[in-house]
Amino acid sequence: MEIFSFIISMFVMMVASQYGLYWLMIIVAGVAAFMSKEKKVLIIFVIYIAILYFIKGTAYESYGIYVAAVIIVVYLILNKGDSGGEEEALGGMGDQYGDLLKGLGGGGGGGM
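These figures come from a predicted structure and were not determined experimentally.

Helices and strands together make up the secondary structure of the protein, namely five helices and zero strands. Listed by position from the N terminus, the elements making up the protein come as α-α-α-α-α. Each of the 112 residues in the protein was classed as buried or not, and the buried ones make up 24%. For the protein, the exposed area adds up to about 8100 Å²; of that, 67% sits on carbon and sulfur atoms.

Structure (structure tokens):
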């Protein structure tokens, strides 16, 4: 899962928590975890939902944004070693457009 999608889903869940829409939090977490196909994303979202649920109505409710920031940092640390994941997502095709001009005769022809 790319970081932008992760952050957007985190903030949607935080806003849903502020309005008491826990069903929306569960749906967003489920869809995001299903789309990422990684168990660590599901575990992170379950922990995040639990934290937001338990701080709702307490004096710590205003710290929800800081909890989100800590969860994002944890996600970045867990994905630190995942390099080349985008190439694997493409099916091992590598650079699709790197040799585009080779078939057209461009790229270093000495006859010009």
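Further notes follow.
What follows deals with the packing of aromatic side chains. In this structure the tally under the stated criterion is six aromatic pairs. Centroid distance Y63 to Y66: 6.0 Å. Interplanar angle 45°. Geometry classified as tilted.

Moving on to unusual backbone geometry. A positive phi angle, close to 60°, is found at K37, a residue other than glycine. Topologically, K37 is positioned in the loop between α2 (22-36) and α3 (39-55).

The subject of this paragraph is a nonpolar patch on the surface. A contiguous nonpolar patch, built from V15, Y19, L21, W23, I27, V31, F34 and M35 and spanning about 910 Å² of accessible area, is present on the exposed surface. Take the nonpolar patch: its biggest share by element is five residues, from α2. Tracing the backbone shows M35 in helix α2.

Right, let's talk about the environment of S62 for a bit. Within the element layout of this structure, S62 appears in the loop between α3 and α4 (64-78). By relative accessible area, S62 is classed as exposed at 56%.

Counting residues in hydrophobic clusters, the biggest one holds 21 residues, and the most contacted among them are F6, M10, M13, M25, F45, Y48 and I71. Elements represented by at least two residues in this core include exactly α1 (3-18), α2, α3 and α4. No other element matches α3, which puts seven residues into this core.

Of the residues in the protein, 72% have a pLDDT of 70 or more, and the chain-wide mean is 80. For the protein, the element scoring lowest by mean pLDDT is helix α5 (residues 85-89), at 55; α2 scores highest, at 90.

On to α3. Over its 17 residues, α3 extends 25 Å from the first C-alpha to the last, a length consistent with the 24 Å expected when each residue adds 1.5 Å. Listed as buried for α3 are V41, I44, F45, Y48, I49, L52 and I55. Along the long axis of α3, the arc covered by the buried residues comes to 140°, so they all point the same way. Residues of α3 that are exposed and point over 90 degrees away from its buried face: K39, I43 and F54. G57, located one to two residues past α3, shows a positive phi value of around 85°.

Here is what the cut-offs are and how they apply
- Residues numbered from 1 in each chain as written.
- Predicted model: local features only at pLDDT ≥ 70, side-chain atom pairs only at ≥ 80, totals over all residues.
- Heavy atoms only, no water.
- Helix = DSSP H or I, 4+ residues; strand = E, 2+ residues; numbered from the N terminus.
- Buried < 20%, exposed > 50% of the residue type's maximum accessible area, 1.4 Å probe, protein only.
- Areas by Shrake-Rupley, 256 points an atom, 1.4 Å probe, with all protein chains shown as cover.
- Phe/Tyr/Trp six-rings, centres within 6.5 Å; stacked < 30°, edge-to-face > 60°.
- Patch = residues over 30% accessible without salt bridge, like charges linked within 9 Å, V, L, I, M, F, W, Y side chains within 5 Å.
- Salt bridge = Lys/Arg side-chain N within 4 Å of Asp/Glu carboxyl O.
- Core = buried A, V, L, I, M, F, W, Y, C linked by side-chain atoms within 4.5 Å.
- pLDDT = per-residue confidence, 0-100.
- Expected span 1.5 Å × (residues − 1).
- Arc of directions from axis to C-beta.

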